[in-house]
Amino acid sequence: MMSRSYTNLLDLASGNFPVMGRERGERKRLPRVMTVPGVISELDDDQANSVSSDVQSSVAVDRVIIVANQLPVKAKRRPDNVGWSFSWDEDSLFLHIKDGLPDDMEVIYVGSLRVEVDSSEQDDVSQLLLDRFKCVPAFLPPDILAKYYHGFCKQHLWPLFHYMLPFSASHGGRFDRSWWEAYVAANKIFSQKVIEVINPDDDYVWIHDYHLMVLPTILRRRFNRLRMGFFLHSPFPSSEIYRTLPLREEILKALLNADLIGFHTFDYARHFLSCCSRMLGLEYQSKRGYIGLEYFGRTVGIKIMPVGIHMGQIESVLKFADKEWRLEELKQQFAGQTVLLGVDDMDIFKGVNLKLLAMEQMLNQHPKWRGRAVLVQIANPARGKGKDLEEIQAEIQASCKRINDNFRQPGYEPIIFIDRPVSLSERAAYYTAAECVVVTAVRDGMNLTPYEYIVCRQGIPGSESTSDSNSPKKSMIVVSEFIGCSPSLSGAIRVNPWNVEATAEALHEAISMQDAEKQLRHEKHYKYVSTHDVAYWSRSFFQDLERTCKDHFRRRCWGIGLSFGFRVVALDPNFRKLSIDDIVSDYSRAKNRAILLDYDGTVMPQTTISKIPSQEVISIFNKLCSDVKNTVFLVSGRGRDSLGKWFSPCKNLGIAAEHGYYLRWPYDGEWEMCGQSNDFGWMQLAEPVMQLYTESTDGSYIENKESAIVWHHRDADPGFGSSQAKEMLEHLESVLANEPVAVKSGQFIVEVKPQGVSKGVVAEKIFASMTERGRQADFVLCIGDDRSDEDMFEIIGDAMNSGVLSSNTSVYACTVGQKPSKAKYYLDDTSDVIMMLEALADASDSVPSSVAFTESSD
């Protein structure tokens, strides 16, 4: 079903959502940027039509709209409690994205505020933020916010993406559909704010993180050609974990409506690609260093790039760290002691208690560090809430008390636990004083703590906090192998935080290491961190987004599908639906017609269990064949026995079986073999190889044809089946290197067949035969639905170039279904094909069946 007007962004089967943004009276909307001259009435999200202009705006403005759950601004009530005051949040990653974008590019932010703003103030706040900060706030009603953020995001997506499964109602909770509905409703509110300010033909949209994973679909329904990227800042779990998500396919399809999808590490990207393969049947391709997924004619790019820190911000903070937080006092406090530092959010996945246990183990195993080694653990306030978090907080407090009670000495406590908000300036002071930083998260998207530590240890030459700036710099990092920054820190000591004993030994190794080794590791890390900052990350992502979207306005796009099954089909500008009136007109004027038809998926639906043609199909074929001007061929991959039996009533029908290896001309009951050889001895070599892989690949099977042998792995495990197919392909090519056969892989198959056999060869032979008999085709109709039919479409162009077909020939190469193809036309399904063939049959001139078609013996 094709749709050009989308009245409802998302209608879930579970029910309708309340209309957001219109409570307590009508509110005025922010002015929307005009894309063409004229007047646009106030945009109503529930009634507006899709904006998908084929013509770009006459006035191009380079602008990117950054959409995130929270705006990069701080808000607080004025002292008189009247109105609000706002300031930039310098700690927000999204604020610094613009550092990597072109200088003349305008940046607009769309997101929510951390505070609740009364509805009576929302218009004024919106205008203020737009005018002064170029921010567009999305105000979420409290009931939606609670279920969207604290419900679906924090109690379902966040744990699942960090490998925590909801095994019971008390451990992780159960899926709540009302949370999902709130998640979609919140994403819809964000989309409304984007729509209010977007210029769809000129703007880029960059969406961030798991809070907004369905937003690409909502925006794509509105603007088919919108240039849109998405970056996931959390881990993406393995397919075995992700597939437990009840809405797994909906979220995957929603993400695939973006043009570029970014991940911190290859592991996260690999897991996403595996999910696309296993659940949607999509395979990725890598070309010249770029990874892409073909999705209904669109290439969805996959970007792997870990985010960095803002070097300028850290360095400016370092200049004042000594004055503001008395760095010298910290050095005096820990004089004669070695400081290990942990900086983590209070979160169940940060592994804080595992870190404490490792510290305890180290002090037990290496008594010399008692009284000398101190772990300072800074715990940032928790973002979520729940029973699991309360339990981990209690466990941490108990561990701190036990360790301090066991190892406390006069003037010495091994654990210093700071459970309060700590500013970047104060953190910088602790970073500078620490000999080693320890990150033991059991799962984390990126974690920039080690990066900040490295820059702080490098210091700023000449600043007060680095009076010994001429001395070599050194630092040590103990980092969990389960976090996103681990692959980029090749000089760190990587640990499995669950292995407390191994982590304890890593702590001992880190603080016992020679200074020269620490210096070398620090230099290596600082070189990477200083060159791969947040500006480098955003610049790299945006450049890839531009490259991925460069052909958007050259291609024709259609939006099809309902709810989260919606996707955009991008096709060549010359690709269009076949008009029955046009083809009947050309058909009636033609004198010599060639009609080539595939069977399965073209005149017979793929989903039909019985493949025997109906009486309607037989009648249409007989009408077409009875016209003396027509040469009609059925070109199929099926065997000759079944095709010959099914179409025995159609005496005038030509049949090409097994992709043309066997050919039967009209009016001739004999089959001729068109292959270069009738020696099938190679099958005795190929079948044992296939049998070997069949036995070791559950769900695979072998199909034996007269002229070919095919290995199918559609029902096997997608990853293993694909791997086995690649290995089998190489194995067969090696075994059959000296045989006259072609080994090819297709969609879930590996096929071995004689060389020189294809549907394209059949089409070429039919055209040449007609020309030799003085009946050069002036009308060609060729219809098919799969990859093998593309050979026929391709050969038509070659035949016109070589003179086998006239340049004036009316050619209708047509594929079934809207998809990328070498054909210039399409029909939606087999019923459209039958309707079109019936129209041609009605326009045919019937003649007595005694008129014969004779094929020359040579």
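Residues numbered from 1 in each chain as written. Predicted model: local features only at pLDDT ≥ 70, side-chain atom pairs only at ≥ 80, totals over all residues. Heavy atoms only, no water.

So, about the sheet that holds strand E6 (residues 135-137). Spatially, 9 strands are ordered E6-E5-E2-E7-E8-E9-E12-E11-E10 in an open sheet, and the strand pairing comes out mixed. Whereas interior strands pair on both sides, the edge strands pair on one side only; in this sheet they are E6 and strand E10 (284-287). Taken over all neighbouring pairs, the strand axes of this sheet differ in orientation by 25° on average, direction set aside. Two elements, strand E2 (residues 63-70) and strand E5 (residues 106-112), share 6 bridges in a ladder whose sense is parallel. Each residue of the ladder has a partner; that of Val64, found in E5, is Val107. The strands that helix H1 (residues 122-133) touches are E5 and E6; relative to E6, the one it contacts most, it runs at about 160°. Taken strand by strand, helix H16 (residues 534-548) contacts E2, strand E7 (203-208), strand E8 (227-231), strand E9 (260-263), strand E11 (290-295) and strand E12 (298-304), and its axis lies near 125° from that of E7. (Pairing = 2+ DSSP bridges. Helix = DSSP H or I, 4+ residues; strand = E, 2+ residues; numbered from the N terminus. Axes fitted to C-alpha atoms, helices over the stretch in contact; angles between N-to-C directions. Contact = heavy atoms within 4.5 Å.)

Moving on, we come to helix H22 (residues 759-772). The end-to-end C-alpha distance of H22, which contains 14 residues, comes to 20 Å, matching closely the 20 Å that a straight helix rising 1.5 Å per residue would cover. Every buried residue of H22 is accounted for by Lys759, Gly760, Val762, Ala763, Ile766, Phe767, Ser769 and Met770. Those residues of H22 that are buried lie in contact with strand E22 (593-597), strand E23 (630-635), strand E24 (654-657), strand E25 (662-664), strand E31 (779-784) and helix H23 (790-802). Trailing H22 by a residue or two, Gly774 shows a phi angle of about 75°, which is positive. (Expected span 1.5 Å × (residues − 1). Buried < 20%, exposed > 50% of the residue type's maximum accessible area, 1.4 Å probe, protein only.)

When you line up the elements, Ile241 lands in helix H5 (residues 239-242). In this structure the C-alpha to C-alpha distance between Ile241 and His271, which are 30 residues apart in sequence, comes to 9.8 Å. For Ile241, the contacting residues outside a window of four places in its chain are Leu160, Tyr163 and Leu165.

The final tally for this structure, using the stated rule, is 33 aromatic pairs. For the ring pair Tyr599 and Phe647, a centre distance of 5.6 Å and an interplane angle of 85° mean the geometry is edge-to-face. Of this pair, Tyr599 sits in the loop between E22 and helix H18 (615-625) while Phe647 sits in the loop between helix H19 (640-646) and E24, and the two are 48 residues apart along the sequence. Each member of the pair, Tyr599 together with Phe647, is buried. Note on Phe621 and Phe647: the rings are 5.5 Å apart at their centroids and 25° apart in plane angle, and the pair reads as stacked. With Phe621 in helix H18 and Phe647 in the loop between H19 and E24, this residue pair connects regions lying 26 residues apart in the sequence. (Phe/Tyr/Trp six-rings, centres within 6.5 Å; stacked < 30°, edge-to-face > 60°.)

Mapping Asp586 onto the fold places it in helix H17 (residues 580-589). Dropping the residues within four chain positions of it, Asp586 is found in contact with Phe779, Ser810 and Tyr812.

Core analysis: the largest hydrophobic core is formed by 183 residues, its most contacted members being Val67, Tyr148, Val205, Met213, Phe236, Ile261 and Phe272. When residues of this core are assigned to their parent elements, the largest contribution, 12 residues, is made by helix H3 (residues 177-197). Excluding its chain neighbours within four sequence positions, the residues that come into contact with Tyr148 are Asn69, Leu140, Cys153, Ala182, Tyr183, Ala186, Asn187, Phe190, His211 and Leu212. Counting residues in each nonpolar core, the second largest holds 41 residues, with Tyr587, Leu597, Ala657 and Leu781 among its members. (Core = buried A, V, L, I, M, F, W, Y, C linked by side-chain atoms within 4.5 Å.)

Next up on the list: the sheet that holds E31. Taken together, 9 strands build an open sheet; the order of strands is E21-E33-E32-E31-E22-E23-E24-E25-E26 and the sheet is mixed. Looking along the sheet, the strands with just one partner apiece sit at the ends: strand E21 (576-577) and strand E26 (672-673). Bridge count between E31 and strand E32 (residues 810-816): 6 bridges; the pairing is parallel. Within E32, the residue paired with Ile783 across the bridge is Cys814. Each of E21, E22, E31, E32 and strand E33 (825-827) is contacted by helix H24 (residues 830-842), which is oriented at about 155° to E31, the strand it contacts most.

Of note, Thr503 is situated in helix H14 (residues 500-512). Along the backbone, Thr503 and Thr440 are 63 residues apart, and their C-alpha atoms lie at a distance of 8.6 Å. When residues no more than four places from it in sequence are discounted, the contact partners of Thr503 are Ala358, Thr440, Val495, Asn496 and Pro497.

Looking along a regular strand, one sees side chains alternate from face to face of the sheet. Here E24 shows two buried faces, one formed by Gly654 and Ala656 and the other by Ile655 and Ala657. The pairing of E23 with E24 spans 3 bridges and is parallel. Counted as the bridge partner of Leu634 is Ile655 from E24. As a crossover connection, the stretch from E23 through H19 into E24 is right-handed. Pairing of E24 with E25, which is carried by 3 bridges, proceeds in the antiparallel orientation. (Right-handed = clockwise from strand over helix to strand, strands pointing away.)

In this section: helix H11 (residues 387-407). Quick reminder: α-helices carry 3.6 residues per turn. Residues three or four places apart thus point the same way. Taking 1.5 Å of rise per residue, the 21 residues of H11 would be expected to cover 30 Å, and the 31 Å separating its terminal C-alpha atoms lies within 8% of that figure. Within H11, burial applies to Leu389, Ile392, Ile396, Ser399, Cys400, Ile403, Asn404 and Phe407. Seen end-on, H11 carries its buried residues on one side only, within an arc spanning 120°. For H11, the exposed residues set more than 90 degrees away from the buried face come down to Lys387, Glu390, Lys401 and Asn406. Looking at the buried side of H11, the elements it contacts are helix H10 (352-365) and strand E15 (415-418). (Arc of directions from axis to C-beta.)

Considering all chains together, one arrives at 0 disulfides under this definition. Take Cys625: it sits in no disulfide, and the sulfur closest to it among the cysteines is that of Cys650, at 6.0 Å. Under the relative-accessibility criterion, Cys625 is labelled buried at 5%. Note on Cys814: no disulfide assigned, nearest cysteine sulfur contributed by Cys782 at a separation of 9.2 Å. With relative accessibility at 0%, the residue Cys814 sits in the buried group. (Disulfide = S-S within 2.5 Å.)

A few words now on the confidence of the model for the chain. Scored by pLDDT, the chain comes out at a mean of 85, with 88% of its residues at no less than 70. Predicted confidence for residues 1-61 stays below pLDDT 50, and this span has 132 contacts to residues more than four positions away or in other chains. Predicted confidence for residues 847-858 stays below pLDDT 50, and this span has 14 contacts to residues more than four positions away or in other chains. (pLDDT = per-residue confidence, 0-100.)

Let's shift gears to the pattern of salt bridges. Counted according to the given criterion, the structure contains 35 salt bridges. Between Asp544 and Lys303 there is a salt bridge, with the nearest N and O atoms lying 3.1 Å from each other. Of this pair, Asp544 sits in helix H16 while Lys303 sits in strand E12, and the two are 241 residues apart along the sequence. Neither residue differs from the other here; Asp544 and Lys303 are each classed as buried. Between Arg589 and Asp586 there is a salt bridge, and its shortest N-O distance comes to 2.4 Å. Taken together, the residues Arg589 and Asp586, both in helix H17 and 3 residues apart, mark about one turn of the helix. Three or more residues are tied together by salt bridges with common partners; here these are Glu435, Arg457, Lys474, Asp515 and Lys518. (Salt bridge = Lys/Arg side-chain N within 4 Å of Asp/Glu carboxyl O.)

Positionally, Glu838 belongs in helix H24. Residue Glu838 is classed as partly exposed on the basis of its relative accessible area, which comes to 36%. Once the C-alpha coordinates of Glu838 and Ser619 are considered, the two residues, 219 residues apart in sequence, prove to be 9.2 Å apart. Discounting residues that sit within four places of it in the chain, Glu838 has contacts with Glu616 and Ile620.

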